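Structure assessment
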Amino acid sequence: QSLTLALLAGITYPLASYTGFQISPASHGAVLISGMLPFFTAIFAGLLLGERPNRIRLLSLALILTGVMTLLFTSMASLPAGQSTLKGDLFLLTASCLWSLFTVLLKLWQVKAFDVTLGVAAVSALVYLPVFFLFLPSHLSTASWHEIALQSFYQGFVVVCVAMWTYAKAVELLGSMRVVIMMSGVPVVGALLAVPILGETLTAGTALGAAIVFLGALLGAMARPEKPA
């Protein structure tokens, strides 16, 4: 169980998501990975946990899907003519599907947050580090020691350990569906932060999509957990 979870969250999910980011804009990643989590999770929760969404949860999912599609189409409209991101978007959707499966398996197998964090960190390091040092091009010699230290701390500790533990603990306490519905708010936060930090313009389509996703996520978070059939 721990090995399966580690391979999902530590190896296959990052490979799919980072491949997608190389082809598609980062905004597509925020919309497709986080925004589509509730739908993939609902499918896996129904198949593996026997959960059935109630009417409020179904309304929440419909609103989130509408908002996500609005954000995605708004982002695609700003791309240069003739540029296609379909291949990258498919990788991003695959990443969302893998993370949803990981989330539902956490709940199904009742894995403790510390155990899954330790497993993901250990397996990822054992699989990736030898490949990185032996086969992949490295530019570590051109980076300063404080840049290496900062990235090691952030990517190795904050992202892998702190974020993984808090996410797994949230699933343990709140359930898989409620957590991923809250996660669907990531595109909204990203779109809003892009205005003051990156100087981007908040278009009418982006504002509308963000508002719809926020409303759907709020309804879903407030809904009572589904009971197994």
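My aim in this report is to walk through the structure given alongside it, one point at a time. It should be emphasised that the depicted structure is a prediction, and the values quoted were computed from it without experimental measurement. (Residues numbered from 1 in each chain as written. Predicted model: local features only at pLDDT ≥ 70, side-chain atom pairs only at ≥ 80, totals over all residues. Heavy atoms only, no water.)

Some thoughts on the packing of aromatic side chains
- For the structure on display, the rule yields six aromatic pairs.
- Look at tryptophan 99 and phenylalanine 102: their rings are 4.7 Å apart centre to centre, the planes differ by 45°, and that puts the pair in the tilted class. Of this pair, tryptophan 99 and phenylalanine 102 both sit in helix α5 (residues 86-109), three residues apart, which is roughly one turn of the helix. Taken as a pair, tryptophan 99 and phenylalanine 102 share a single burial class, namely buried.
- Feature note: the residues Tyr13, Trp99, Phe102 and Tyr167 constitute an aromatic cluster, connected by ring pairs. (Phe/Tyr/Trp six-rings, centres within 6.5 Å; stacked < 30°, edge-to-face > 60°. Helix = DSSP H or I, 4+ residues; strand = E, 2+ residues; numbered from the N terminus. Buried < 20%, exposed > 50% of the residue type's maximum accessible area, 1.4 Å probe, protein only.)

Comments concerning the side chain of serine 124
- Locating serine 124 in the fold gives a position in helix α6 (residues 113-134).
- Other than its neighbours up to four places away in sequence, serine 124 contacts Gly10, Ile11 and Leu129. (Contact = heavy atoms within 4.5 Å.)

Overview of unusual backbone geometry
- For glutamine 110, which is not glycine, the phi torsion reads 55° and is therefore positive.
- Among the structural elements, glutamine 110 can be located in the loop between α5 and α6.
- Since its relative accessible area comes to 53%, glutamine 110 is described here as exposed.

A few points about helix α8 (residues 176-183)
- Where burial is concerned, most of α8 is hidden: six out of the eight residues are buried.
- Turning to α8, the residues buried within the fold contact α3 (37-49), α4 (55-77), α5, α7 (145-174) and α10 (204-222).

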